[in-house]
Amino acid sequence: MAKAIDTELARARADTLQAGRILSLLRLQISRNGAMFSPIYPVYAAMLDPHAGDERRHAACIAMLEPVRKHAIVEEMGVRVENSREYHNPYRVEYTTTMRGALLEICAAFLADAIAGFEKAGIVPAQDTRRTAP
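Summary of the structure given here.

What counts, and where the lines are drawn
Residues numbered from 1 in each chain as written. Predicted model: local features only at pLDDT ≥ 70, side-chain atom pairs only at ≥ 80, totals over all residues. Heavy atoms only, no water. Phe/Tyr/Trp six-rings, centres within 6.5 Å; stacked < 30°, edge-to-face > 60°. Buried < 20%, exposed > 50% of the residue type's maximum accessible area, 1.4 Å probe, protein only. Salt bridge = Lys/Arg side-chain N within 4 Å of Asp/Glu carboxyl O. Helix = DSSP H or I, 4+ residues; strand = E, 2+ residues; numbered from the N terminus. Axes fitted to C-alpha atoms, helices over the stretch in contact; angles between N-to-C directions. Parallel < 35°, antiparallel > 145°, perpendicular 65-115°, else oblique. Left-handed = near helix turned anticlockwise from the far one by under 90°. Contact = heavy atoms within 4.5 Å. Nonpolar A, V, L, I, M, F, W, Y, C, P; charged D, E, K, R; others polar.

A word on the packing of aromatic side chains. Summed over the entire model, instances satisfying the criterion amount to two aromatic pairs. Measuring from ring centre to ring centre gives 5.3 Å for phenylalanine 37 and tyrosine 44, while their planes differ by 55°; the resulting arrangement is tilted. Grouping residues by exposure puts phenylalanine 37 and tyrosine 44 together as buried.

Set out below in structure tokens:
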């Protein structure tokens, strides 16, 4: 049982790190006039600092999941407006978004998987990180 929990935590930590790296690469801005995802955000340290606690990582993932999903939808909507006529996509498995949108969708999947992993391992999010997230 302990080994399964360790495996879940290792996977959740890795997923958190990957999501943080993508957000940093994209320089995601949560709000129009807000700062970019960077060290000034408390969730940045919670996601990327190797010494951050799992409770803080979990809370940071929860705080970022919804904004990341919303930004992914905005990217997809922009493409739909630009490409109002449907091109040939017979299997309907191709991305219908921008490169940025695809990365945001991947990031959202990392965040959701990390949240699930932390919860399977019994981690409860730290309340202070949730309040200071963007």
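Take the pattern of salt bridges next. Counted according to the given criterion, the structure contains four salt bridges. Taking the shortest distance from any N to any O, the salt bridge between glutamate 8 and arginine 11 comes out at 3.9 Å. A residue pair is termed a helical-turn pair when its members lie 3 or 4 positions apart in one helix, as glutamate 8 and arginine 11 do in helix α1 (residues 2–26) at three residues.

Position of alanine 116 among the secondary structure elements: in helix α4 (residues 99–120). When the C-alpha atoms of alanine 116 and leucine 9 are compared, they prove to be 10.0 Å apart, with 107 residues separating the residues in sequence.

Right, let's get into the packing of α1 against α4. Two numbers describe how α1 lies on α4: the axes approach to 8 Å, and their chain directions differ by 155°. Looking at the two axes, α1 sits roughly antiparallel to α4. Classified by chirality, the crossing of α4 by α1 is left-handed. Taking contact as the criterion, the partners of Glu8, Leu9, Ala12, Arg13, Asp15, Thr16, Gln18, Ala19, Ile22, Leu23 and Leu26 in α1 are, on α4, Arg100, Leu103, Leu104, Ile106, Cys107, Phe110, Leu111, Asp113, Ala114, Gly117, Phe118 and Lys120. Class assignment for the residues of the contact of α1 with α4 results in 14 nonpolar, three polar and six charged.

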